[in-house]
Amino acid sequence: MPREPEPSNNEKAFVLEALQQGLRVDGRQLDEFRKVDISFGEEFGLADVKLGRTRVIARVSAEVTKPYPDRPFEGIFSITTELGPMASPAFEVGRSTEQEVLLARLIEKAIRRSNAIDQESLCIVAGQKCWSVRADVHFLDHDGALVDASCIAVVAALAHFRRPDVSVQGEKVIIHTLTERVPVPLSILHHPICVTFSFFLGGAIVLMDATLQEEQLREGDMTITLNKHGEVCQISKAGGTAIEAVVLMRCANQALLVVCQVTELLMKKLEEDQAKRVRRDNLLEASAENDRKMRSEFV
Amino acid sequence: MPRIQVKQPFFANTTYFKYLQLTPAMSRYELLSPEGLRIDGRRWNELRRISAQMSTQSAADGSSYLEQGNTKIICTVTGPAEKGSGGAGGEGDASVVFEVNYAAFSGTERKKRGRGDKRVAEMQSALQRTFGSVILTHLFPRSEIVITLHILSQDGSVLATCINATTLALIDAGIPLYDYVTACTAGSSSTYMPGEENADPMLDLNAIEEGDLPCLTLATVGGGERIALCNMENKVQLSRLEGIIAVAVGGCTELRVVLDGVVRKWGTEVLRRRGESERVGGKGDT
């Protein structure tokens, strides 16, 4: 209900003065991304991303539905991002603010429009059955850079998710349970990562990954989405203070470095999680005594 | 007359190539002919024909009608006026509110857009933030400037044309701006064919080109290099980005000259009409 309190004049003056000297309140460099922490849940498709104090959870789920009539060979992929009071008391449930619309559009452009998932691989029976993959993003804590954090979370969750295996016999479609057949990962074509830059003092100072306080004081911002192959998936600088073209290019090049680092971290975390699961599953297989009794009940 | 050798792509002998030639859909290969002409006969760095009029609506404080090729947009400005029910006191500087209406007949298929269309909301927000920092809002505290855009015909570069039309309408309304905001689109015409690495980016894309090429909308303030808005929704290699931005900045500079010419011509016309009406009104000359 209450509006976010604006930073006081003192805070504003302090932050801007520090920026002019090249210092940030949390001690980072101007072009330093906060430490990214990615952890996965028990079930497939749950990713918890911490970017400093910003915390975002993304959950991916899939169900079988009918495809859109104008796209019979593709599955459906949708992302929902709803800002709620848990992230910050300034957000209200149900009220679609400008910030929420922009956030939703940015994530959609970055992940959906750039074809991070091969939607044709989600098709089961053309025109009749397809997978509808849904990514829900929950914002738990807002300390700036919501777009960056939610993009990493969605990409991590998509990479982590396993859908049930499907076999098609003519018209009949059998969806195997997770225990019957090994679940199948989604076909991910590339991993887009968003990086947001904030501009201060007429474009003279450029920051990467602003905290909430810096976000409230910034004069303009730009979000660039890249993948580690050096492809720019989207650029969104919607107004705010004007910047020079060279600054834009410099930001894009800086963003590429960050994106490569984050993608590497993501791959590492996915591998660790996979190794953990394999170890756990193997341990389960090792103790066979109780299992024999349980298995006879199913047969 | 030397025979012009049409360069064949490396897969020319495959069935896929023959399929491409049979399908009516435009492939990148056809968007730029070997002679360097685009589908509408322009070269890579040519803007479309621009036709602009100011003060088209007498009821509004400022209005303009802009045509860039076949993209036609009407813009009306009302304000600065008192805020409707904006609450007591207001928040200091003037607020700039945009309303964008796509006419149902503007596209190739009739489509009525709902109220909560996210793309339109995003566009409105982008325009608001762009002009919010160019209009001298501190001169009109606690008031509101409402800008309405009607898109009558879409043929690519819609956001860019909206920005240009808004600039003209704001000037017509007499609202002080720091400088002209001009916008245009540019796209990378580099295809998957080898040897096309240095293909020139194309300026001012129409609808067909926009559907096929990665396209960037860029708005600059004052015709220089200060970028107010930069939007790209497709994938492009980072190495190509600089070229596309450079071409778009050049296009914006050219557009500023064109729009300035329109404003000056209209200004001269207004003075001439006023001079005539004074003479007719019987002031007489002494």
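See the structure shown above.
Residues numbered from 1 in each chain as written. Chains lettered and ligands numbered in written order. Predicted model: local features only at pLDDT ≥ 70, side-chain atom pairs only at ≥ 80, totals over all residues. Heavy atoms only, no water.

1. A closer look at the pairing of strand β8 (residues 215–221) of chain B
Residue and element names in this part refer to chain B. Rules: Three exposure classes are used, based on accessible area relative to the maximum for each residue type with a 1.4 Å probe and protein chains only: buried under 20%, partly exposed in between, and exposed over 50%. In DSSP terms, a helix is any run of H or I states spanning at least four residues, a strand is any run of E spanning at least two, and both are numbered starting from the N terminus. Whether two strands pair comes down to DSSP finding at least two bridges between them.
Summarising burial for β8: seven of the seven residues are buried, a large majority. What you see with β8 is no split at all: Cys215, Thr217, Ala219 and Val221 on one side and Leu216, Leu218 and Thr220 on the other are buried throughout. Of the pairings in the sheet, the one linking strand β6 (residues 181–187) to β8 comprises seven bridges and is antiparallel in character. For Ala186, the partnering residue across the bridge sits in β8 and is Leu216. For β8 and strand β9 (residues 226–232), the ladder comprises five bridges, and the chain directions are antiparallel. Opposite Thr220, over in β9, you have Ile227 as the bridge partner. Turn length for the β8-β9 hairpin, with the two strands adjacent in sequence and antiparallel, is four residues, and the turn residue Gly222 shows positive phi of about 75 degrees.

2. Some remarks on the packing of aromatic side chains
Residue and element names in this part refer to chain B. Our working definition: Each aromatic pair joins two rings of Phe, Tyr and Trp (for Trp, the six-membered one) with centres within 6.5 Å, and gets the label stacked for planes under 30 degrees apart, edge-to-face for over 60, and tilted for any other angle. Only when the NZ of Lys or the CZ of Arg is both within 6 Å of the ring centre and within 35 degrees of the ring normal is a charge said to sit over the ring.
Summed over the entire model, instances satisfying the criterion amount to one aromatic pair over all chains. Seen in terms of ring centroids, Phe98 and Phe131 are 5.8 Å apart; in terms of plane orientation they differ by 35 degrees. Their pairing is tilted. Residue Phe98 is found in strand β4 (residues 95–102), and its partner Phe131 is found in helix α3 (residues 118–132); the two are separated by 33 residues along the sequence. Each of the two residues, Phe98 as well as Phe131, counts as buried. The ring of Tyr102 carries the charged tip of Arg113 above its face, separated from the ring centre by 4.0 Å.

3. Remarks on the side chain of Thr217 of chain B
Residue and element names in this part refer to chain B. Put simply, the test is: Here, residues are in contact when the closest pair of their heavy atoms is within 4.5 Å.
Note on placement: Thr217 falls in strand β8. Judged by its relative accessible area of 9%, Thr217 falls in the buried class. Excluding residues that lie within four positions of it along the chain, Thr217 makes contacts with Leu159, Ala160, Cys184, Thr185, Leu229, Cys230 and Asn231.

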